[in-house]
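# Summary of structural features
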Amino acid sequence: MFSGLDDVDWSSLHHAYGTAEEVPGLLRAMASPDADARAKAVSRFYSAVHHQGDVTSCTTVTVPFLLELARTPDLPGRAEIVGLLVSIGTHAVESYDDVLVDYSGEESNHALAADLIRERAEDFIAFTTDDDHRLRRAAIPALAQFVDDAPRAAGLVQDRLRREERPMHRLLLVETMAQLTLRLPAALGEATAWFDALADDTDLEPEIRLAALAERALCVPDAINPDLVPTTAALVHRIALNPLPPSVWAGPPRQTTPVTGAPPQIADAFRQLEYHNAVYTPTTDLLRTFHTALGARVADRTALLTAQLDSVDPGSRLRALRMAGDLMRNSRGDHSTLIRRVATQLDDANFEVSAEAADVLSACQAIAEPARDSLAAHISSQTATHGPDVWAAPDRRLRRAHQNAVLALARIGDDRAVPHLLTALDGEVDSWRAVEVAGCLTQAAAEFTPRLCRHLAAADLAAQQPFDTGTRALLTALGRLADPAALPSVLATLDTAVRLKHWSIAADAVRALGALGPSAAPALSMIRALTGCPDGHVRSAALKALSALGVGPDELMPLVLDALSGTTSFWIRDAVDILATIPPAAGSAAVPRLQELLENSYDWTRIFAAAGLWHVAGEVHTQAVLDTLLQAWNNNGATANFVLQVLKVMGSAAAPALPYLVAELANTRRSGRFASIDDDEDLQETARDLIVRLG
């Protein structure tokens, strides 16, 4: 075993974290009789040598040795090694055509690895019939990736299904046929006929019939018929009535490492990641495949989700809620029915389901209005049942369910969330979560401001690490509330942050002062001094704050011109924001530089410059401004929100953009700055308004 392993110059090869001298040790550890040593070696290999699916020269050199290990009879841990090879081979094959030759003109690592593994396709075929069920499961996807004879591969999959008894292996075989078809379209005819036969066979377990419907839809999405969703819904209902026990499909529980010493926001994010990755049902991936195949068919997907949410199985409802969130985050359409349907899950007896429903509604802030009263009623019911301190309930599941609902209601701007947020801010449990939404309720500024200021005063800036966002969240919330009573606290925080050179906090403090407007006049001298700060974000925030506090053009323009003299995008953005508040004649000195910036290579810099040019020079530069805006929008959809706001300011001069606006509204997927619900809903509203004006 390992003949030639030490002949490789591993020091000349590199993996994700440095030179590859550790790789021989990892390969030898994979053959160890010690299960823990094997597991650590495989984990490190995935992390370093096959990092995020990479197939590098280092990865490729290991393939013959991994194949040798996989073919060694009675070697413990062969299943994990076969799974590793299948992963390497799959990534290599998927990239094979795109990178057949690398930049040096030599055959790419992907092509080399794919060829090495395909040459041993017969070994992988044999692995799919091994007595070790773990080895079979690891090898099954190889039938789709490493066998290039489509009819033979399809026949192998069908034969294996007839012989295989384990439920998850059978589901994987149906998926493998779909993957084969997507790679080798010559298999499509036989595959679709097989899928149809499986779906129609009432003697088969419903999970297999569901898998056949899902994978067929994925392979031929244009051939989806009107009966598909009702048929699928009936199978979902049948599966829920008699679910497979976890003992026959679930793997061993994942080992998790508690997050210690991190800010509560970071620790919570890791907890939620583990929670989100939990697997509750064996059909989760199938239904996700279905939704992928249905794509922009919002009505069909909503009908399917309704069936999923009707399941008697809490795990199925959990996954349905996450899929509902995915649909609303990614697709446009009228989601009011689905929002109401999600809201019915708030009162579920299972706290995880209740919490997930509230979390979905919280993420749907811009379209969550239909759930407003359901959220308020649910929170009231929880408080009546569990007491006024339910925000800090000892049961983490109950606590999360209540908190998520309060946050969702707050993001809609509903006053009924206020008492619960005040309770949170007055307590010591998860108060940081209340801070995140306090700024959504400006009508309660008088109640929130003193509490937020108290938390701000208690923050130890000297001990904070760069990733600790607690103080910054407090400053952001105070800025959104814009209550003049916050001025002393914000000033004190700014003074400390500047003294400690904690520039990210200083920048947020300056932004908060700017949000206070003229009432922050006592801070003018400090803000003026910060226009010369060595940190660019602080300088830019100070410049905007001066404008917000009413400083005149004579003082602002030299600072604006200085910001425009560079090419840093956010400096130019902030300078242009200030130009929009200055009379055009006073800002005319910026015109030459703005014209230069129209030629910048960065889309964002160009559109900021175009906006500034329109503000200070107007219709004289209409064509140049329009060309810049529309070209950037075409190049980078993330610019759409900003571009449309400038078009709105341009009025009738933006008429040539009308076809672009109509085309934007014809899109079925979310778009905009971050392709988020909020950004996209704002984008659509602005586009519709512009079409009416320009039409």
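As the structure is a computational prediction, the values presented were derived from the model and not from experiment. (Residues numbered from 1 in each chain as written. Predicted model: local features only at pLDDT ≥ 70, side-chain atom pairs only at ≥ 80, totals over all residues. Heavy atoms only, no water.)

Next up on the list: the overall build of the protein chain. The helix and strand inventory of the protein chain stands at 38 helices and two strands. When burial is assessed residue by residue, the protein chain has 51% of its 695 residues classed as buried. Within the protein chain, counting contacts between residues at least 6 apart in sequence, those at least 24 apart form 66% of the total. Summed over all atoms, the accessible surface of the protein chain reaches about 30,700 Å², with 52% contributed by carbon and sulfur. Across the protein chain, the centroid of the 60 positively charged side chains sits 3 Å from that of the 88 negatively charged ones. (Helix = DSSP H or I, 4+ residues; strand = E, 2+ residues; numbered from the N terminus. Buried < 20%, exposed > 50% of the residue type's maximum accessible area, 1.4 Å probe, protein only. Contact = heavy atoms within 4.5 Å. Areas by Shrake-Rupley, 256 points an atom, 1.4 Å probe, with all protein chains shown as cover. Lys, Arg positive; Asp, Glu negative; His and termini not counted. Charge placed at Lys NZ, Arg CZ, Asp CG, Glu CD.)

Turning to the packing of aromatic side chains, a few remarks are in order. One pass over the full model with this rule turns up seven aromatic pairs. One aromatic cluster is present, formed by Phe124, Phe127 and Phe146 through successive ring pairs. (Phe/Tyr/Trp six-rings, centres within 6.5 Å; stacked < 30°, edge-to-face > 60°.)

Bringing helix H12 (residues 206-219) into the picture now. With 14 residues, H12 ought to run about 20 Å at 1.5 Å a step, and its terminal C-alpha atoms sit 20 Å apart, in line with that. Within H12, 12 of the 14 residues are buried, which leaves the element mostly enclosed by the surrounding structure. The elements touched by buried residues of H12 are helix H10 (167-183), helix H11 (188-200), helix H13 (228-241) and helix H15 (284-294). (Expected span 1.5 Å × (residues − 1).)

What follows covers helix H29 (residues 536-548). End to end, H29 covers 18 Å across 13 residues, agreeing with the expected 18 Å (1.5 Å per residue, within 8%). Every buried residue of H29 is accounted for by Gly536, Val538, Ser540, Ala541, Ala542, Leu543, Ala545, Leu546 and Ser547. Contacts made by the buried residues of H29 are with helix H27 (503-516), helix H28 (524-530), helix H30 (553-564) and helix H31 (569-579). Directly after H29, the chain includes Gly550, whose backbone phi takes a positive value near 95°.

Our next topic: the side chain of Glu664. If you trace the backbone, Glu664 turns up in helix H37 (residues 658-666). Every residue in contact with Glu664, bar those within four places of it in the chain, is listed here: Arg332, Trp633, Ser671 and Leu683.

Moving on to the nonpolar core. Of all hydrophobic cores here, the largest spans 179 residues; its most connected members are Met328, Leu421, Phe448, Leu452, Leu513, Leu647 and Met650. With nine residues, helix H34 (residues 603-617) is the largest single contributor of residues to this core. Excluding residues that lie within four positions of it along the chain, Leu452 makes contacts with Leu425, Val435, Ala438, Leu474, Ala477, Leu478 and Leu481. Counting residues in each nonpolar core, the second largest holds 43 residues, with Leu75, Ile88, Ile117 and Ala142 among its members. (Core = buried A, V, L, I, M, F, W, Y, C linked by side-chain atoms within 4.5 Å.)

The backbone phi angle of Gln52 is positive, close to 50°, even though this residue is not glycine. Tracing the backbone through its elements, the reader meets Gln52 in the loop between helix H2 (35-49) and helix H3 (57-70). Classification of Gln52 by relative accessible area gives exposed; the value is 72%. Phi is positive for Ala482, which is not a glycine, with a value near 55°. Note on placement: Ala482 falls in the loop between helix H25 (470-481) and helix H26 (487-500).

This paragraph deals with the pattern of salt bridges. This model, assessed by the stated rule, comprises 44 salt bridges. For Asp395, the salt bridge goes to Arg397, with nearest N and O atoms at 3.2 Å. When its relative accessible area of 28% is taken as the criterion, Asp395 is described as partly exposed. Linked through salt bridges whose partners overlap, the residues forming this network are Arg332, Glu664, Arg670, Asp680 and Glu681. (Salt bridge = Lys/Arg side-chain N within 4 Å of Asp/Glu carboxyl O.)

Turning to the environment of Val298, a few remarks are in order. Along the chain, the position of Val298 falls in helix H16 (residues 298-309). Of the residues examined, Val298 reaches a relative accessible area of 13% and is grouped as buried. As a C-alpha pair, Val298 and Arg332 span 34 residues in sequence and 8.0 Å in three-dimensional space. Here Val298 is in contact with Leu327, Ser331, Arg332 and His335, once residues within four sequence places are set aside.

Contact pair H12 / H13: the axes reach a minimum separation of 9 Å and the direction vectors enclose 150°. When the interaxial angle is binned, H12 and H13 end up roughly antiparallel. Pair H12 / H13 crosses with left-handed handedness. The residues of H13 that touch H12, namely those facing Pro206, Glu207, Arg209, Leu210, Leu213 and Ala217, are Leu228, Thr231, Thr232, Leu235, Arg238 and Ile239. Looking at the contact of H12 with H13 residue by residue, the classes come out as seven nonpolar, two polar and three charged. (Axes fitted to C-alpha atoms, helices over the stretch in contact; angles between N-to-C directions. Parallel < 35°, antiparallel > 145°, perpendicular 65-115°, else oblique. Left-handed = near helix turned anticlockwise from the far one by under 90°. Nonpolar A, V, L, I, M, F, W, Y, C, P; charged D, E, K, R; others polar.)

This brings us to the side chain of Asp679. Here Asp679 is to be found in helix H38 (residues 677-694). Buried charge without a salt bridge: Asp679, with Arg673 as the nearest opposite-charge side chain at an N-O distance of 6.6 Å. Each residue touching Asp679, except ones within four places of it in the same chain, is listed here: Asn641, Ser671, Arg673 and Phe674.

Attention now goes to the environment of Ala37. If you trace the backbone, Ala37 turns up in helix H2. Here Ala37 falls in the partly exposed class, since its relative accessible area comes to 26%. It is 57 Å that separates the C-alpha atoms of Ala37 and Lys544, two residues lying 507 residues apart in sequence.

In short, shape yes, function no, at least from these values alone.
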